[in-house]
Amino acid sequence: MVGDLAVTDALANVPFFSGLNKKLLKTIENNGKEVDFKQGVTVVKQGDLGVGFFLILDGQVEVRKGGKVLAKLSRGQFFGEMSLVDDMPRSADVVAVQPTRCFALTTWSFSGILKANPEMAMPLLKEVVKRLRSAQSAPTS
Ligand code: CMP
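Residues numbered from 1 in each chain as written. Predicted model: local features only at pLDDT ≥ 70, side-chain atom pairs only at ≥ 80, totals over all residues. Heavy atoms only, no water.

Participant: Can you walk me through a nonpolar patch on the surface in this structure?
Facilitator: Residues Met122, Leu125 and Val129 make up a contiguous nonpolar surface patch of roughly 270 Å² in combined accessible area. By relative accessible area, Leu125 is classed as partly exposed at 48%. (Patch = residues over 30% accessible without salt bridge, like charges linked within 9 Å, V, L, I, M, F, W, Y side chains within 5 Å. Areas by Shrake-Rupley, 256 points an atom, 1.4 Å probe, with all protein chains shown as cover. Salt bridge = Lys/Arg side-chain N within 4 Å of Asp/Glu carboxyl O. Buried < 20%, exposed > 50% of the residue type's maximum accessible area, 1.4 Å probe, protein only.)

Participant: Even after reading the chapter, I still don't get the site of the ligand, so can you show me in this structure?
Facilitator: In the vicinity of the ligand, 15 residues are found, and the nearest of them are Gly80, Glu81, Ser83, Arg90 and Ser91. Take Gly80: an N or O atom from its main chain is 2.8 Å from an oxygen atom of the ligand. One nitrogen or oxygen atom from the main chain of Met82 is found 3.4 Å from an oxygen atom belonging to the ligand. Against a free-state accessible area of 460 Å², the protein chains account for coverage of 96% of the ligand. Looking at the shell around the ligand, the elements that each hand over two or more residues are strand 5 (68-74), helix 3 (81-86) and helix 5 (121-137). With three residues, helix 3 is the largest single contributor of residues to the shell around the ligand. Taken together, the residues of the shell around the ligand sort by class into nine nonpolar, three polar and three charged. (Near = heavy atom within 4 Å. Polar contact = N/O pair within 3.5 Å; in protein donor to acceptor, adjacent residues only side chain to side chain. Helix = DSSP H or I, 4+ residues; strand = E, 2+ residues; numbered from the N terminus. Nonpolar A, V, L, I, M, F, W, Y, C, P; charged D, E, K, R; others polar.)

Participant: So what exactly am I meant to see when it comes to the environment of Val35 here?
Facilitator: Among the structural elements, Val35 can be located in strand 1 (residues 33-37). Taking the C-alpha atoms as reference points, Val35 and Arg101, separated by 66 residues in sequence, lie 5.7 Å from one another.

Participant: Looking at this structure, how should I read the sheet that holds strand 5?
Facilitator: Strands in a sheet are paired, the pairing made by backbone hydrogen bonds, and the direction either parallel or antiparallel. Read from one edge to the other, the open sheet built from four strands follows the order 2-7-4-5, with strand pairing classed as antiparallel. At either margin of the open sheet sits one strand with a lone partner, and together these are strand 2 (42-44) and strand 5. Each strand of the sheet is rotated relative to its neighbour by a mean of 30°, with strand direction disregarded. Inspection of the sheet shows strand 2 paired to strand 7 (residues 93-96) by two bridges, in the antiparallel sense. Within the sheet, the bridge partner assigned to Thr42 lies in strand 7 and is Val95. (Pairing = 2+ DSSP bridges. Axes fitted to C-alpha atoms, helices over the stretch in contact; angles between N-to-C directions.)

Participant: I'm lost on the sheet that holds strand 1 in this one. Help?
Facilitator: The antiparallel open sheet is built from four strands, whose spatial order is 1-8-3-6. Each of the sheet's edge strands pairs with one partner strand only, and the pair in question is strand 1 and strand 6 (78-79). The sheet contact formed by strand 3 (residues 52-58) and strand 6 spans two bridges and is antiparallel. Counterpart to Phe54 in the pairing with strand 6 is Phe79.

Participant: Quick question: what am I supposed to make of the pairing of strand 3 here?
Facilitator: With six of seven residues buried, strand 3 is to be regarded as a mostly interior element. Both strand 3 and strand 8 (residues 100-106) contribute to a ladder of six bridges, which runs antiparallel. Among the inter-strand pairings, Ile56 is bridged to a residue of strand 8, identified as Cys102.

Set out below in structure tokens:
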């Protein structure tokens, strides 16, 4: 694919946003902002208090913990949802390994949307569990 993903298209493809109507997706778009990260930049730092959810519009990031790469995420994928759900510090570093453009949403915006649209919870939970399973089955050394 050439060029960035449009925010509303990207949102519509995230499992837990996909059930929302266009008007709400537009509201979400208006509540967040697009942010660019240079290659090598740590977007999210393990242990920090998280204040945002990020959806990747272009580029690639690596999720790193204890010297291991837990996942590579790219266009259409997201990160930062864990701290947003439990208000705990960031569980891993997320580093831009390419110039990366994200759509960023603050915790309070995301929480408000989630509370108003509880049907988002199950698909969100599914993705979190999927990540947990893959982290558990990853080699430990
Ligand atoms: P959060 O804990 O807010 O900040 C770090 C993020 O890395 C986390 O949210 C998830 O979005 C992401 N992350 C953590 N562990 C994994 C994993 N095993 N697979 C994919 N992404 C992960």
